[in-house]
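Spelled out, the chains give:
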Amino acid sequence: MTRLTMAVIMVGMLDAAAFAGEPAWLPGGAEVKQAVEARKGKTVLAKLAAEMKPGTWVELKTAMPKGLWGSPLVNGGRNNGGSGGLHIAGWTDDAHWDSRTGQFLYMGLRQTRQFIAYSETNNSWRVIELDKKSDNPCFQTRFGHIYSSNGFDHERSRFYHRYNGFEDEKQGLKLAGGISFFDSVTEKWTKLPPLPPNSGFGGQAIEYFAALDGLVALGKQTWIFSNERQKWESLGACPVDGYHSMMRHNPFRNELLMAGGNNCRRVVARIKKDGKIKRLKDAPAGLGIRGDKMSVDPSSGRYLIWGFREDAGRQCFEFDSDRNEYRTVEPAMAQYPYKGAAMPVCAFIPEYNVIMWADVDQVFLYKHDASADYPVAVATPEAADAKMEQKVEKGK
């Protein structure tokens, strides 16, 4: 049986429910299904997604307030001796879609944090205000980017965010870092207990994993906060150490994928519901959160990885974790709509079989053609990884 024939069969199985009027997977039971049904065919997003052909990009026109993607100013902003005034994305791909409320959620950071949301119902964006004197979460952080520090529990509609502490004598602030979650229904924050002092957590990559009902913190030793037991527990050593690494929860395959980073450029591993960490086939190119993006195709459950690097060029890989196989999706990159120094973030929308991308003034939808017979990916020279590491170290 050819790969094309198998792809058609597998995609057909996942899409059967969609063709019957229901998505292949939705979280949250009857409540979420009712909410999705109420929006179906009525919103600008829903109508646009329904009209899209597989393998295409389409712009979604939205109402976006000025300054949405800029970090809030403190004492006049960075250029005037204060903080903020910078793009809140870059070095991240970590936005999330909430099917219950129909929202695209993203916490951004450059010295100060900006929490933003797109509403499918009114096709517009807003800022979700943060308490500037609270450590749940901290509004200010002196250095760094978002990296892979956002996660999402689709079942409970909880948006997780990891943050460093912040101290400033002039402002009278001495705030502790940590991990908090935002309930998108009540719009209230809750802070988790701190990780064990000996956890070895590097402080960058987190993601919720539904199969184990907990939040995973990625490091050389990987930990999970169990919702059932309300405590942190070790998952053991991981070949992907979390430093500038990427993580993505895949509810279609009940797994969590981890990839790349400064110390393990091509290493890819996954966690399944048995809690075991398994290394998979290395990626065909070096990966890291500096510019690469990783999402999930809702129609097939495969991963889509967009790679942006000067030495190896721009590439898009489709990764089938069950077959342990990478394929090059040239059309997805050839039609990639963002230009120059754009820094978009993305999130998959299961009810519409699309991936939503957003940045300053521009929002796009991508619908993957999972039935196409893409060529097996050819690995790029590993020398390009070393050059990329040097640029990352200079730019971080």
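Everything numeric in this text was worked out from a predicted model, so none of it was measured.

### Quick look at the confidence of the model for the protein chain
Averaged over all residues, the pLDDT of the protein chain is 91; the fraction at 70 or higher stands at 90%. Every residue in residues 1-13 is under pLDDT 50, and counting partners more than four places away or in other chains gives 25 contacts. Here residues 15-21 scores under 50 on pLDDT; set against residues more than four positions off or in separate chains, the count is nine contacts.

### Digging into the layout of surface pockets
If a probe the size of a water molecule is rolled over the atoms, the empty space left behind becomes visible. Taken as a whole, the second largest pocket holds about 480 Å³ of empty space. Along the walls of the second largest pocket sit 21 residues, with R290, G291, A341, A342 and M343 positioned nearest its centre.

### Focus: the pattern of salt bridges
All chains considered together, the criterion is met by 25 salt bridges. One salt bridge in this structure joins R100 and E31, with 3.2 Å as the shortest N-O distance. Highlighted residues: R100 in the loop between β2 (96-98) and β3 (103-110) and E31 in helix α2 (residues 29-39), separated in sequence by 69 residues. Judged by relative accessible area, R100 falls into the buried class, the value being 13%. By relative accessible area, E31 is classed as partly exposed at 48%.

### What about the packing of aromatic side chains?
A full pass over the atoms with the stated rule returns 26 aromatic pairs. Between F115 and W189, the ring centres sit 5.6 Å apart and the planes meet at 50 degrees, which makes this aromatic pair tilted. Of this pair, F115 sits in strand β4 (residues 112-119) while W189 sits in strand β11 (residues 188-191), and the two are 74 residues apart along the sequence. Side by side, F115 and W189 carry an identical accessibility label, which is buried. Among the aromatic residues, those joined into a ring-pair cluster are W57, W306, F308, Y336, Y338, W357, F364 and Y366. K132 extends its terminal NZ or CZ atom over the ring of F139, reaching a point 4.9 Å from the ring centre.

### Considering the side chain of T43
Relative to the assigned elements, T43 resides in the loop between α2 and α3 (44-51). Of the residues examined, T43 reaches a relative accessible area of 7% and is grouped as buried.

### What about the nonpolar core?
Here is a general trend for soluble globular proteins: nonpolar side chains tend to be buried in one another's company. Grouped together as the largest cluster of nonpolar side chains are 41 residues, with contacts concentrated most on W69, F104, Y106, F115, W125 and M356. Counting only elements with at least two residues in this core, the list comes to α3, β3, β4, β5 (124-128), β24 (345-349), β25 (354-359) and β26 (362-367). The dominant element in this core, judged by the number of residues it contributes, is β3, at five residues. In this structure, M294, V296, W357 and Y374 belong to the second largest nonpolar core, which totals 39 residues.

### Details of the environment of V329
Its place among the elements puts V329 in the loop between β23 (325-328) and α4 (330-334). The buried category is assigned to V329, whose relative accessible area is 1%. In this structure, the C-alpha to C-alpha distance between V329 and A205, residues 124 residues apart in sequence, is 26 Å. Residues within four places of V329 in sequence aside, it is in contact with C316, F317, E318, Y366, H368 and Y374.

Cut-offs and rules
Residues numbered from 1 in each chain as written. Predicted model: local features only at pLDDT ≥ 70, side-chain atom pairs only at ≥ 80, totals over all residues. Heavy atoms only, no water. pLDDT = per-residue confidence, 0-100. Contact = heavy atoms within 4.5 Å. 1 Å grid on protein atoms, 1.4 Å probe; cavity = no way out; pocket = protein on both sides within 12 Å on 5 of 7 lines; lining within 4 Å. Points joined across faces, edges and corners; volume = space filled by probe spheres on them. Salt bridge = Lys/Arg side-chain N within 4 Å of Asp/Glu carboxyl O. Helix = DSSP H or I, 4+ residues; strand = E, 2+ residues; numbered from the N terminus. Buried < 20%, exposed > 50% of the residue type's maximum accessible area, 1.4 Å probe, protein only. Phe/Tyr/Trp six-rings, centres within 6.5 Å; stacked < 30°, edge-to-face > 60°. Lys NZ or Arg CZ within 6 Å of the ring centre and 35° of its normal. Core = buried A, V, L, I, M, F, W, Y, C linked by side-chain atoms within 4.5 Å.

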